[in-house]
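Working through the structure, step by step
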Amino acid sequence: MKGLWLENNQLQLRTDIPLPEPPAGEALVRVLQAGICNTDLELIKGYYPYTGVIGHEFVGVVEQGPKQLINQRVVGEINAACGNCRFCDRGQPRHCENRTVLGIVNRHGAFAEYLSLPIKNLHLVPENVSTAAATFTEPIAAALEIQQQIQICKNDRVLVVGDGKLGQLIAQTLALTGCELLVIGRHQEKLVNLAARGIKTGLANSVTDKYFDISIDCTGNPEGFNIARRALRPRGTLILKSTYAGNLSLDASSLVVDEITLIGSRCGPFAPALELLATGKVEVQSLIHAYYPLSQGLEAFEKAKTKGVLKVLLEINS
């Protein structure tokens, strides 16, 4: 089959990738569309030593699996857990010691004509949600994970640093809490999307130091981290929502003195993410900047790297 293959930090389009053979408990999914994520770009930079088909944000149709799923559109949670380790026993399968991760860790991903995932990872796409919109399920779920980890109240002052794809989705989900929210970024044209939804936006110089209760870094770069850190009041909470290809230097003493809580945050719940899409409480169409066929996947990645570009979707199968 055809797919985008990553090896030695080099991406190539291959036509000789073997068709997945799902083991017991897994389904064969024909991929319809898949989204290019910043994690995919970081993998190419060397964020994690991975060889294989990349991609993890997808919508597909089940071709082999349970009868009730055959020919149905699905999205899929990306962590495939063993079900037997101490984290699985504690109800934390996303941290399974033996997990594989779609397109990231020891499991071929979504930038190919077919993929295989455990049946329990699959979620039906509501009929009123378009295929393009449903490709955002995974990042919306990641955005919602923040509210799984901490409680956010109306009185909280919350800062989101980063106007990219994930930052915009996080901002939309946080806005539903009624908190005092500010989103900052480098691109005024991106911030317009949020301002149109009544979300307060600004540039870096609009941030007041030690003003916010919670700050969320969605940039994946040291400058974004430093802005998010400086913005926090003592005993504030700093959430890291992006992967870093390199090492991050920080002033550990200031974290101690100000008693800052530092939280890493990644994958989240799919069911409420699909509900937000189905009810129109999160808008994603304006985030799509381009569509490319899989045969032009390398060009699609170049587009995704372009400054100011948000989501690029690959059309895998029609």
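Residues numbered from 1 in each chain as written. Predicted model: local features only at pLDDT ≥ 70, side-chain atom pairs only at ≥ 80, totals over all residues. Heavy atoms only, no water.

Identification of the protein as Alcohol dehydrogenase catalytic domain-containing protein from Aphanizomenon flos-aquae FACHB-1249 is taken from an unreviewed UniProt entry. Database annotation for the protein, UniProt heading Cofactor (unreviewed entry): "Zn(2+)". (UniProt positions renumbered as here; feature names shortened; annotations may be inferred.)

As a further point, take the pairing of strand β17 (residues 288–293). Put simply, side chains in a regular strand alternate between the two faces of the sheet. With five bridges connecting them, β17 and strand β18 (residues 311–315) associate as parallel partners. Considered in β18, the bridge of Y291 is made with L313. Regarding topology, helix α10 (residues 297–305) serves as the crossover connection from β17 to the parallel β18, and that connection is right-handed. (Pairing = 2+ DSSP bridges. Helix = DSSP H or I, 4+ residues; strand = E, 2+ residues; numbered from the N terminus. Right-handed = clockwise from strand over helix to strand, strands pointing away.)

Inspection of the entire model under this criterion finds 16 salt bridges. Two residues, E57 and K311, come together in a salt bridge whose shortest N-O distance is 2.6 Å. A residue pair is termed long-range when its members are at least 10 positions apart, and E57 in strand β5 (residues 57–64) and K311 in strand β18 qualify at 254 residues. The two residues E57 and K311 agree in class, both being buried. Look at the salt bridges and you will find they share partners, linking K210, R229 and D258 into a network. (Salt bridge = Lys/Arg side-chain N within 4 Å of Asp/Glu carboxyl O. Buried < 20%, exposed > 50% of the residue type's maximum accessible area, 1.4 Å probe, protein only.)

Along the chain, the position of N79 falls in strand β7 (residues 79–80). Judged by relative accessible area, which is 9%, N79 ranks as buried. For N79, the side chain forms a polar contact with the side chain of R266, separated by 3.5 Å. What N79 contacts, discounting residues up to four positions off in sequence, is R94, R99, T100, V101, N121, R266 and C267. (Polar contact = N/O pair within 3.5 Å; in protein donor to acceptor, adjacent residues only side chain to side chain. Contact = heavy atoms within 4.5 Å.)

As a further point, take the sheet that holds strand β2 (residues 10–14). Taken in spatial order, the three strands line up as β2-β1-β4 in an open sheet, and their pairing is antiparallel. The outermost strands of the open sheet, each flanked by one partner alone, are β2 and β4 (52–53). Across the sheet, α10 lies against β1 (3–7) and β2, angled at about 145 degrees from β2, the strand it touches most. (Axes fitted to C-alpha atoms, helices over the stretch in contact; angles between N-to-C directions.)

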